[in-house]
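# Remarks on the overall topology
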Amino acid sequence: MSEIPLWTIDQAMAGAEREWRRLHVHPADLAGLSRDLRDDLTAAWAEGVGPAELIGTDVRGFARRLADEARVARVPFEFRRLLLTAVVGALPGILIGYAIVFAHIPVPALQTQQPGTGAVLTAYTVLAALVVVSSLLTVWFRLRDLPSMGHTVLGMALLVPLAGVLVTPVTMGFAALVDYSDALPVVAIECGMVAAALAGATILARRWSLRGWTATGRQPLPATPPTSPA
């Protein structure tokens, strides 16, 4: 008994709620789970049973089991899968764009030793456009089976260009600081800037597209089909 940590009810609830949020449990279901668990812990405490004795030492595992048993709805954000697809989809656009920027693909406006501001702006605009188009097409064709993916792509079409507009001056400023070097570390940093902007816009677009799932009248995820009675 002495090895069981002496948690308070609030500490146990905080750990369980963190796990439910990590699992993207729907807010309405999370509130219900939290309310029921707090009632159970409070009643047990009144009978002299502490949270650790009721839950055990693995709060996260207990929270997962409780969510599974309650068959709660989970908001299908799929952030990891979406971000990976978006970043991988952006790679062809990044490669082609940098080939243009560094004159591996001839562009007359960029064939001078010191390109002007207009030429540099044009080059980076082309890069941003190629990244957006490449990423959107890949996300749509690879993930169109996910809920609300059409709205996600629409949101990305609006937010990703805005992110590109915001990140382009930053990327250009960094490129100017390093004298438009095409060294691998410099190119990696610039690609990282573009990827970070793309990731932020993608997450916002996905959250926007699934706003109906987090409203009161959301559609729950399909449950396991019930077995027919014998």
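About the thresholds
- Residues numbered from 1 in each chain as written.
- Predicted model: local features only at pLDDT ≥ 70, side-chain atom pairs only at ≥ 80, totals over all residues.
- Heavy atoms only, no water.
- Patch = residues over 30% accessible without salt bridge, like charges linked within 9 Å, V, L, I, M, F, W, Y side chains within 5 Å.
- Areas by Shrake-Rupley, 256 points an atom, 1.4 Å probe, with all protein chains shown as cover.
- Salt bridge = Lys/Arg side-chain N within 4 Å of Asp/Glu carboxyl O.
- Buried < 20%, exposed > 50% of the residue type's maximum accessible area, 1.4 Å probe, protein only.
- Phe/Tyr/Trp six-rings, centres within 6.5 Å; stacked < 30°, edge-to-face > 60°.
- Lys NZ or Arg CZ within 6 Å of the ring centre and 35° of its normal.
- Core = buried A, V, L, I, M, F, W, Y, C linked by side-chain atoms within 4.5 Å.
- Helix = DSSP H or I, 4+ residues; strand = E, 2+ residues; numbered from the N terminus.
- Contact = heavy atoms within 4.5 Å.
- pLDDT = per-residue confidence, 0-100.

### Side note on a nonpolar patch on the surface
Side chains of Val133, Leu137, Trp140 and Phe141 sit close together on the surface and give an oily, nonpolar patch of about 410 Å² of accessible area. For Phe141, a relative accessible area of 53% puts it in the exposed group.

### Describing the packing of aromatic side chains
Across all of its chains, the model carries one aromatic pair by this definition. Residues Phe77 and Phe79 carry aromatic rings whose centres are separated by 4.7 Å and whose planes lie at 10° to one another, so their mutual orientation is stacked. The two residues Phe77 and Phe79 agree in class, both being buried. For the cation-ring pair, Arg207 lies above Phe77, with the distance from its terminal atom to the ring centre recorded as 4.8 Å.

### Notes on the nonpolar core
The nonpolar side chains of soluble globular proteins are, as a tendency, buried together. Val139, Met149 and Met156 are the most contacted members of the largest nonpolar core, which has 28 residues in total. Sorting the residues of this core by element identifies helix 5 (79–101), helix 6 (117–143), helix 7 (149–177) and helix 8 (184–209) as the ones contributing at least two each. If one sorts the elements of this core by residue count, helix 7 sits on top with eight residues. Here Val139 is in contact with Leu82, Thr85, Ala86, Arg144, Met149, Val153 and Met156, once residues within four sequence places are set aside. Formed by 17 residues, the second largest nonpolar core is a distinct cluster that contains Ala12, Leu30, Ala63 and Val72.

### Re the environment of Leu162
Tracing the backbone shows Leu162 in helix 7. It is 8.3 Å that separates the C-alpha atoms of Leu162 and Ala201, two residues lying 39 residues apart in sequence.

### Side note on the confidence of the model for the protein chain
Per-residue confidence for the protein chain gives a mean pLDDT of 78, with 80% of residues at or over 70. Within the protein chain, the lowest mean pLDDT, 80, falls on helix 6, and the highest, 89, falls on helix 4 (residues 59–70). Residue range residues 215–230 is modelled with pLDDT below 50. Its contacts to residues more than four positions away, or to other chains, number 16 contacts.

### A look at unusual backbone geometry
Backbone phi values are negative for most residues with the exception of glycine, while trans is the configuration of most peptide bonds. Unlike most non-glycine residues, Arg71 shows phi in positive territory, near 50°. Tracing the chain through its elements places Arg71 in the loop between helix 4 and helix 5.

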